[in-house]
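Topology and contacts: notes
What follows is each chain in one-letter form.
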Amino acid sequence: MAVQTVATTSDSTVDLGPAAALSCRECGHRVPLGPVFACEECFGPLEIAYDFSAYDTEELRRRIEAGPASIWRYAPLLPVPADVAEKPNLNPGWTKLVKADNLARELGVTGGLYVKDDSGNPTHSFKDRVVAQALEAARAFGFTTLSCSSTGNLAGAVGAAAARAGFRSCVFIPHDLEQGKVVMAAVYGGELVGIEGNYDDVNRFCSELIGDPAGEGWGFVNVNLRPYYAEGSKTLAYEICEQLGWRLPDQIVIPIASGSQLTKIDKGLQELIKLGLVEDRPYKIFGAQAEGCSPVSTAFKAGHDVVRPQKPDTIAKSLAIGNPADGPYVLDVARRTGGAVEDVTDAEIVDAIRLLARTEGIFAETAGGVTVGVTRKLLAEGLLDPAKTTVVLNTGDGLKTLDAVAGTGLTATIRPTLDSFREAGLA
């Protein structure tokens, strides 16, 4: 396990709010809060353990509702200091939960269909949530450079957050990423490095850099800061439930890249139940992948517990992680809640992007096309109940993946005359 030595590594001197320790998801072994991500006993993944024992449910609810219109309204439930909203950060979150009645009619959903549209975040993807969490950990542990391995959206989120907070940034991406994402990651002035290979190659390189003196003082948001970073996804669960009037959705469809977002949304829902903020009742979680990178879907359908890596080949590059770290835990969540994991072809992704845009005026990136396409497929297969309240995630802006819908364009070209307008059949 590669661990960096930094000025502050003990939970006795780190202020990360209600975060009490790091706990291994496999064996339960606890260690003090610090920039580590793997258990020293079994090499399982570490995650944040909290002390929520002092909270009164109604007082906590009032405190949240009186908070800022960002993820920091949930600061009492996150690994951040109480004054986090006063620090220089991008203040992501509190994005729209769109009641998608037009899409519901198209798909035959009668129980209420909602799109959680995270394209409204500062860099137009949900990654702003997780980076905001990692940034606070980087401050606490004395890092000076913010970094990541990325399929695109994360690179932009890290660059923007670092610029705002006064950190140096150096991020690593596959060399053949969509140009829109390259530009958005580079514009913030940090260093952007293309690695020859796919995302898994990029991630391996970053893991090596962490253990090298050249990486001293670097906080890799999705590697050595991963336990803190991952908690940002819980805020999607918090917001969805609060925006539904403090109630759980019956069904939720979530895209899968590493799988962390899905597992942390489940963790967030469980925390709300335990805190008494929502009624404890059944809910189902469904995972969505592109057919060209569907290791978790393949394992789920085969009834396997082991997720075998795949070589990605899909237009949904933000989900193109062939060896997802949280894949086995996604399988656990889907099976425990009675959900499923499904995949769709590239053609179905493009069709779903156009469907969502045509019905709800939401231009999703390819990951959003995956969730909408999988939702349609799950309904056709009878796995999603059309009479239940359903939430579908759109995690990014379609302007980042314009190539996917490159065939979309002018309806007609006419002369500036009414006769030409009529001749084109537009009257």
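In this text, all values refer to a predicted model and were calculated from it rather than measured experimentally.

Among the residues making up helix α5 (residues 179-186), those that are buried are Lys181, Met184 and Ala185. On an axial view of α5, the arc spanned by its buried residues comes to 100°, and they lie on one face.

All right, on to the pairing of strand β6 (residues 145-149) then. Burial analysis of β6 places 5 of its 5 residues in the buried class, the great majority of the element. Neither face of β6 is exposed, since Thr145, Ser147 and Ser149 on one face and Leu146 and Cys148 on the opposite face are all buried. Note that β6 and strand β7 (residues 168-174) share 5 bridges and pair parallel. Within β7, the position partnered with leucine 146 by the bridge is serine 169. In this fold, β6 hands off to helix α4 (residues 153-165), which returns the chain to β7; that crossover is right-handed. Two elements, β6 and strand β9 (residues 218-220), share 3 bridges in a ladder whose sense is parallel. Across the sheet, threonine 145 pairs through a bridge with tryptophan 218, a residue of β9.

Attention now goes to the layout of surface pockets. Computed from the structure, the largest pocket encloses a volume of approximately 950 Å³. Lining of the largest pocket is provided by 50 residues; of these, Tyr199, Asn222, Arg226, Ser258 and Ala325 occupy positions nearest its centre. Among the elements of the structure, β3 (46-50), α3 (127-140), α4, α6 (199-210), α7 (226-230) and α9 (260-274) are those that each provide at least two residues to the lining of the largest pocket. In terms of residues, the lining of the largest pocket owes the most to one element, α6, which gives 5 residues.

Okay, the sheet that holds β3 next. Here we have 3 strands laid out as an open sheet, ordered β2-β1-β3, and antiparallel in their pairing. Taken across any chain shown, the strands that pair with only one partner, and hence form the sheet edges, are β2 (30-31) and β3. The pairing of strand β1 (residues 19-24) with β3 spans 5 bridges and is antiparallel. Bridging across to β3, serine 23 finds its partner in glutamate 47.

To continue, consider the pattern of salt bridges. This model, assessed by the stated rule, comprises 28 salt bridges. The partner of lysine 87 in a salt bridge is aspartate 83, with the nearest N and O atoms 4.0 Å apart. In this structure lysine 87 comes out as partly exposed when scored by relative accessible area, which is 27%. When its relative accessible area of 34% is taken as the criterion, aspartate 83 is described as partly exposed. A salt bridge links aspartate 326 to arginine 226; the shortest N-O distance between them is 3.6 Å.

Conventions used here
Residues numbered from 1 in each chain as written. Predicted model: local features only at pLDDT ≥ 70, side-chain atom pairs only at ≥ 80, totals over all residues. Heavy atoms only, no water. Buried < 20%, exposed > 50% of the residue type's maximum accessible area, 1.4 Å probe, protein only. Helix = DSSP H or I, 4+ residues; strand = E, 2+ residues; numbered from the N terminus. Arc of directions from axis to C-beta. Pairing = 2+ DSSP bridges. Right-handed = clockwise from strand over helix to strand, strands pointing away. 1 Å grid on protein atoms, 1.4 Å probe; cavity = no way out; pocket = protein on both sides within 12 Å on 5 of 7 lines; lining within 4 Å. Points joined across faces, edges and corners; volume = space filled by probe spheres on them. Salt bridge = Lys/Arg side-chain N within 4 Å of Asp/Glu carboxyl O.

Worth remembering: the numbers are spatial, not functional.
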